[in-house]
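Each chain, written out:
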Amino acid sequence: MAKGVGCSTPLPLVMALVLATAAITSLAQDPSQLSLGYYSKTCPTAEQIVRTEMECAVKANPRNAAFIIRLHFHDCFVQGCDGSVLLDDTATLIGEKQADQNVNSLQGFELVDKIKEKLEAECPGVVSCADLLAVAARDATILVGGPYWDVPVGRLDSKTASLDQANSDIPTPQQGLATLITKFSAKGLSPTDMVALVGSHTIGMSRCANFRDRIYGDFQLTSKSEASAQVYLSKLKETCPTDGGDDNVSPMDYTSPTVFDNAFFETLIQGTGLLNSDQEMYSSLLGFETSHIVEKYWAESISFFKDFSDSMVRMGNITNPAGGEVRKNCRFANA
């Protein structure tokens, strides 16, 4: 067994120990540099190590899948997919963990630390934290029933972070469809990419603070006051009172919250989407750009899986032109 692979239930057929290692520091980054075989000689066991650790983590707690996918998304929307979301605050650096959409919300950092420790034991200074997140997000999706896709790798880790950009660029649950489309477009992502990527909410949980306005707002209007929707709304209000309970959580897909499937889109068609930003994709006056995509994904799970895979690759190919390094510890830039 490769020395970097470790878990109580390791996957079979782990690749042999690597002898070659490489160090990457202060390089520029061009998305065309990403490739499927980037680590084939320097760390051929890299993806297997990530997969083994993700399998153990998701087995222990299925919510780890959503934690990692969300970390990857929030990483890519700020400076590109460069691991900046993982950086801790220091005396000389303000990280992104205290951004409005990250604080009291993002989880999974300890799991990233564990995977990185395994990678460093196997191939010191070779596999970036940004690549770790991209591969782990793919594996997280598979492990809860979602599609597979090949992950181009070769990303570099930034030496900086941007709290301001995290606050301005990451979509929020309260925003309208026009704003959401604009934010995705700014990253080179289309409305189809947006709907597909938001489909990952099929395994997500949301804090009361993020859906309170929705359930005490237009929820009854979009759900047309259907009896079943009223029962669901009553449960949501028990979880999320008008005052207090900000950290109480509820699944965004209440029919199959731990399975990556297309059931999330049915909630939007029924008008019972938990977040305003999600429901906007179907109920907004501007929904002519997105409502037909929601309907297609609910009718055709294969279409959703294919588009989600393609969109994850497109999002994952957003790199930081400033380049960077391969961090030894995902929480801190190298000394």
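Everything below is about the structure shown above.
Residues numbered from 1 in each chain as written. Predicted model: local features only at pLDDT ≥ 70, side-chain atom pairs only at ≥ 80, totals over all residues. Heavy atoms only, no water.

J.: So what about the packing of aromatic side chains? Which residues, and what values?
T.: Each aromatic ring pair is summarised here by two numbers: the centre-to-centre distance and the angle between the ring planes. The final tally for this structure, using the stated rule, is 16 aromatic pairs. Judged by centre distance (6.0 Å) and plane angle (50°), the rings of phenylalanine 73 and phenylalanine 184 are tilted. Here phenylalanine 73 is found in helix 2 (residues 63-76), whereas its partner phenylalanine 184 is found in helix 6 (residues 177-185), with 111 residues between them in sequence. Accessibility assignment for this pair places phenylalanine 73 and phenylalanine 184 in one class, buried. An aromatic cluster is built from Trp149, Phe260, Phe264, Phe265, Tyr297, Phe304, Phe305 and Phe308, whose rings are joined through pairwise contacts. Across the ring face of phenylalanine 109, the terminal group of lysine 97 is positioned such that the distance to the ring centre comes to 4.2 Å. (Phe/Tyr/Trp six-rings, centres within 6.5 Å; stacked < 30°, edge-to-face > 60°. Helix = DSSP H or I, 4+ residues; strand = E, 2+ residues; numbered from the N terminus. Buried < 20%, exposed > 50% of the residue type's maximum accessible area, 1.4 Å probe, protein only. Lys NZ or Arg CZ within 6 Å of the ring centre and 35° of its normal.)

J.: Please set out the side chain of threonine 202 residue by residue, giving values where relevant.
T.: Counting through the fold element by element, threonine 202 comes out in the loop between helix 7 (191-198) and strand 1 (205-207). At 3.4 Å, the side chain of threonine 202 forms a polar contact with the backbone oxygen of valine 259. With residues near it in sequence (within four places) discarded, threonine 202 still touches Asp253, Ser256, Pro257, Val259, Phe260, Asp261 and Phe264. (Polar contact = N/O pair within 3.5 Å; in protein donor to acceptor, adjacent residues only side chain to side chain. Contact = heavy atoms within 4.5 Å.)

J.: How would you sum up the layout of surface pockets? Please name residues and give values.
T.: Where empty space is left in the structure can be found by rolling a water-sized probe over the atoms. Of the pockets and cavities examined, the largest pocket occupies roughly 740 Å³. For the lining of the largest pocket, the secondary-structure elements that each account for two or more residues are helix 2, helix 6, helix 7, strand 1, helix 12 (276-283) and helix 14 (301-316). At seven residues, the largest contribution of residues to the lining of the largest pocket is made by helix 2. Lining the lining of the largest pocket are residues from two domains, each supplying at least three of them: domain 1 (45-170) and domain 2 (177-314). (1 Å grid on protein atoms, 1.4 Å probe; cavity = no way out; pocket = protein on both sides within 12 Å on 5 of 7 lines; lining within 4 Å. Points joined across faces, edges and corners; volume = space filled by probe spheres on them. Domains from an automatic or database assignment.)

Interpretation in functional terms is not warranted from these geometric data alone.
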